[in-house]
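One letter stands for each residue in the lines below.
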Amino acid sequence: MGGERQHYYGKHGTPQKYDPTFKGPIYNRGCTDVICCVFLLLAIVGYVAVGIIAWTHGDPRKVIYPTDSRGEFCGQKGTKNENKPFLFYFNIVKCASPLVLLEFQCPTPQICVEKCPDRYLTYLNAHRSQDFEYYKQFCVPGFQNNKGVAEVLRDGDCPAVLTPSKPLAQRCFPDIHSHKGVLMVGNETTYEDGHGFRKNITELVEGAKKANGVLEARQLAMRIFEDYTVSWYWIIIGLVIAMVLSLLFIVLLRFLAGIMVWVMIVMVILVLGYGIFHCYMEYARLRGEAGSDISLVDLGFQTDLRVYLHLRQTWMAFMIILSILEVIIILLLIFLRKRILIAIALIKEASRAVGYVMCSLLYPLVTFFLLCLCIAYWASTAIFLSTSNEAVYKIFNDTACSVAGKTCNPETFLSSNESRLCPGAHCQFAFYGGESTYHRALLGLQIFNAFMFFWLANFVLALGQVTLAGAFASYYWALNKPDDLPAFPLFSAFGRALRYHTGSLAFGSLILAIVQIIRVILEYLDQRLKAAENKFAKFLMTCLKCCFWCLEKFIRFLNRNAYIMIAIYGTNFCTSARNAFFLLMRNIIRVAVLDKVTDFLFLLGKLLIVGSVGILAFFFFTHRIRIVQDTAPPLNYYWVPILTVIVGSYLIAHGFFSVYGMCVDTLFLCFLEDLERNDGTAERPYFMSLTLKKLLNKTNKKPVES
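This write-up is about the structure you can find in this document. (Residues numbered from 1 in each chain as written. Predicted model: local features only at pLDDT ≥ 70, side-chain atom pairs only at ≥ 80, totals over all residues. Heavy atoms only, no water.)

**Structural notes on the overall build of the protein chain**
When you go through the protein chain residue by residue, the secondary structure sums to 23 helices and 11 strands. The burial tally for the protein chain puts 43% of its 706 residues in the buried class. Taking as baseline every contact in the protein chain between residues at least 6 positions apart, the subset at least 24 positions apart corresponds to 71%. Of the roughly 38,700 Å² that the protein chain leaves accessible, carbon and sulfur atoms contribute 65%. (Helix = DSSP H or I, 4+ residues; strand = E, 2+ residues; numbered from the N terminus. Buried < 20%, exposed > 50% of the residue type's maximum accessible area, 1.4 Å probe, protein only. Contact = heavy atoms within 4.5 Å. Areas by Shrake-Rupley, 256 points an atom, 1.4 Å probe, with all protein chains shown as cover.)

**Comments concerning the state of the cysteines**
For the structure on display, the rule yields 3 disulfides. Here Cys-74 is linked by a disulfide to Cys-112, with a sulfur-sulfur distance of 1.9 Å. The disulfide joining Cys-74 to Cys-112 has a torsion of about -70 degrees about its S-S bond and is therefore left-handed. One end of the pair, Cys-74, is in the loop between helix H3 (61-64) and strand S1 (86-89); the other, Cys-112, is in strand S2 (residues 110-113), and 38 residues separate them in sequence. For Cys-112, a relative accessible area of 5% translates into the label buried. (Disulfide = S-S within 2.5 Å.)

**Things to note about the packing of aromatic side chains**
All told, the structure shown has 29 aromatic pairs when counted by the stated rule. Both rings, one in Phe-581 and one in Phe-582, keep their centres 5.9 Å apart while their planes meet at 55 degrees; by these two values the pair is tilted. Here a set of aromatic residues connected by ring pairs shows up, and it is made of Tyr-47, Trp-55, Tyr-377, Phe-384 and Phe-448. Above the ring of Tyr-134, the side-chain terminus of Arg-119 is found at 3.8 Å from the ring centroid. Positioned over the ring face of Tyr-283 is Arg-312, at 4.0 Å from the centre of the ring. (Phe/Tyr/Trp six-rings, centres within 6.5 Å; stacked < 30°, edge-to-face > 60°. Lys NZ or Arg CZ within 6 Å of the ring centre and 35° of its normal.)

**So, the pattern of salt bridges**
Scanning all chains against the criterion turns up 10 salt bridges. For Arg-519, the salt bridge goes to Glu-552, with nearest N and O atoms at 2.5 Å. Taken together, the positions of Arg-519 in helix H18 (residues 502-529) and Glu-552 in helix H19 (residues 535-569) put the pair 33 residues apart, joining distant regions of the chain. Of the residues examined, Arg-519 reaches a relative accessible area of 26% and is grouped as partly exposed. Classification of Glu-552 as buried rests on a relative accessible area of 8%. With its nearest N and O atoms 3.6 Å apart, the salt bridge here joins Arg-677 to Glu-673. (Salt bridge = Lys/Arg side-chain N within 4 Å of Asp/Glu carboxyl O.)

**A short note on helix H20 (residues 573-585)**
Here H20 contains 13 residues, and its C-alpha end-to-end distance of 18 Å stays within 8% of the 18 Å for a straight helix at 1.5 Å per residue. Of all the positions in H20, only Phe-573, Ser-576, Ala-577, Ala-580, Leu-583 and Leu-584 are classed as buried. Projection of H20 onto a plane perpendicular to its axis shows the buried side chains occupying an angular sector of 135 degrees, all on one side. Each element contacted by the buried residues of H20 is listed here: H18, H19, helix H21 (588-621) and helix H22 (639-677). The N-terminus of H20 is capped by Asn-572, whose side-chain oxygen sits 3.3 Å from the backbone nitrogen of Cys-574. (Expected span 1.5 Å × (residues − 1). Arc of directions from axis to C-beta. Polar contact = N/O pair within 3.5 Å; in protein donor to acceptor, adjacent residues only side chain to side chain.)

So, in C-alpha cells, the structure goes:
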C-alpha cells in the first residue's frame with residue numbers, strides 16, 4: 001500500500017512538507033521572473049514609441065469626416081471647406097458599382113457643400129435661368145460658365161441633375177421614402193416617365209434604395225438615444241438593484257448553499273425519473289399501432305424528425321439512455337456524497353471570507369478601469385495607425401480604359417497623356433496609402449498593437465487574480481478567524497504582487513497572449529480561405545482553431561491556479577504552475593466535484609439576479625407597475641432600457657461572482673495544502689473551518705500540559 005502511494009505521488013509530484021515557519025502568504029519573499037519583467041517594460045516602451053509614431057503620422061479625421069475628390073476634409077476648421085460640412089456625390093447611382101468594394105470610393109466626382117440640395121433641378125434647365133446661382137454651388141470649386149452643356153457634363157464640372165437629399169454622417173443621400181405604397185424622392189413620385197428628366201430620377205431612386213435603409217437606421221438610432229435620455233436614471237436604479245441582489249446572494253450562500261445544491265440534485269433525479277416514466281408510457285401506447293414496429297435502421301434518415309416519435313424503438317432508446325443517466329447520477333451521489341459536502345462547506349466558507357474582506361467586492365472596478373485604459377490605448381493607436389497614410393489619387397472611368405486604376409496627380413491630370421487617352425476619366429482621391437518604409441511596416445505595427453493589447457489585458461486580469469488570492473489566502477491561514485487576519489489584506493496582497501511578482505504575471509500573460517494572437521491570425525486566414533474550394537485546407541484550419549481554443553482554455557485554468565500559488569508562496573511562475581497542477585491532479589475528483597457545484601451555483605445566481613431585475617424592468621417600463629407615485633417615462637422602444645438593464649445586471653453579477661469564484665478556488669487550494677502539510681497535532685494544527693474538520697473527522701489536538 002505504501003508502495004502504491006509512493007508511485008502515485010511520483011507521478012503527480014511531491015506533497016508539501018510541514019514548515020513550522022509557514023503561517024500563510026509569505027511576506028519575506030524575493031522578486032520572481034525578473035527577465036520577463038524587463039521584457040514587459042521594454043515592450044511597454046516600444047508600445048509607447050509605436051503610439052507616438054502613430055499619433056505623429058495619423059489623422060483620425062480621415063475616419064470621422066468625409067473627404068472630397070481631392071482628399072480635402074469637409075467642414076474642418078482651418079481649411080477652405082470650413083463652411084462646407086457635407087459631401088455631395090454628382091451621381092450617387094455609381095456608388096452601387098463593384099468598384100466601390102475594391103477602392104472604397106465612389107467613381108463619381110464629390111465635392112464639399114454648405115447644405116444638401118432641397119429641390120429637383122437639371123443642369124439643362126438651370127443653365128440659362130435664375131436657378132443657375134443655386135445650381136452652381138454644387139459644381140466643382142472655381143467653375144466658370146464658359147463651356148457648353150455637353151462639355152460641362154463630359155468634364156464632370158457639374159452634376160447632371162439635383163435631387164432632394166438629406167445629410168447622413170455628413171454625406172448627402174437622396175430623400176427616399178414611401179407614401180401609400182409608392183416610392184418617392186422628396187415630394188415627387190417616380191412612377192411617371194417624363195422626357196429624360198423623370199427617367200433620370202427613376203435611375204437615381206433605384207441606385208439609392210440602399211440609402212433608404214441607412215436613413216431608417218439613423219432614425220432608429222435617434223429614437224434609441226431619446227429613450228436613453230429619458231430613462232437613464234431608471235436604468236441606474238435597476239443596476240443598483242442588481243448590485244444589491246448580487247451582494248445579498250453571496251451572503252445567503254453561507255446559509256443556503258447546501259439546500260440549493262441538494263434541491264438541484266433531487267430535482268435532476270426527479271426529472272430523469274419522470275422522463276423514464278413518460279418514455280415507457282409512449283412505448284406502451286404505440287404497442288399494436290400500425291407502422292410503430294419499424295426499426296430505426298430500416299427507416300433510415302428522415303428530414304422530418306417528428307417521424308421518429310411514432311416508432312416504439314425511439315422511445316425504447318430514450319428510456320434506456322435516461323435510465324443509464326439516472327443510475328450513473330445515483331451511483332455518483334452515493335460514492336461522492338462526502339466530496340459534495342466538502343464542496344458545499346468550501347462555498348460557505350468562501351461566503352464568510354468575502355464577508356471579512358468586503359473591499360474585495362470593489363476590486364473588479366479597479367480591473368475594469370485598467371482594462372478600459374488598455375482598450376482605449378489599443379483602439380486609439382489602431383485608428384491613428386490606420387489613418388497615417390498619405391492621400392492616393394487614382395484614375396476613375398465609367399467605361400473600359402487602359403489607364404483606369406492608375407495613380408495620378410489631380411493638379412496636372414487635365415494636361416496629362418492619361419487624360420487624352422481617357423477623355424471621360426477623372427483623377428480623384430481614392431484612399432490613404434503610401435510606399436515608404438513606414439507605410440510598408442503598418443501591418444506589422446498593427447499586429448504588434450494587437451499583441452500588446454492581449455498581453456497587457458491579460459496582465460491586468462492576472463494582477464487582479466493574484467491580489468484577490470493573496471487576500472483570501474490570508475483569511476484561510478489565520479488560525480483564529482478573524483482575529484489573526486492581517487490589517488488591509490487586499491492592499492497588502494496588491495503591493496506584494498506589484499513589488500515582487502510583476503515578472504511572473506508578465507510571464508503567464510505572455511504565454512496566453514501568444515496563443516490568443518495565433519488564434520486571431522488563424523481567424524484571419526480562415527476568412528481568406530472561405531472563398532477557396534480546398535477542403536483539406538479548411539479541415540486543417542478547423543482542427544488548428546479547435547486545438548488552439550482548447551490550449552487557451554487549459555492555459556487560463558493553469559494560470560489561474562499558478563497565480564494562487566504565487567500569492568501564497570512567492571515562487572516563480574513555472575514552479576507555481578507545476579506545484580498547482582500536481583496538487584490538483586492528486587485531488588482530481590475533488591476538483592471536478594467542486595468545479596461543477598460552483599458552476600451550478602453561479603449559473604443559478606446569475607439567472608436569479610438577471611431574471612429578477614429583467615422581469616421588474618419589463619413590468620415597470622411597460623407601465624404594468626408603478627414605483628410609489630412615479631411611472632415609467634414614455635418610450636419609443638421599451639426594450640431599449642430593458643435590454644440595457646439585463647446586460648448591465650449580468651455584468652454586475654459576473655463581477656461579483658468572479659471575486660467569489662476566485663475566493664472558492666483559493667480556499668480550495670489552501671484546503672488541499674492544509675491536508676498535506678498538517679496532521680492536527682499541537683505543532684501542526686489544521687487551519688480549516690470546524691465544518692470541514694467535522695466532515696473529514698479531523699480535530700486539532702490540544703497541547704499536552706507539562
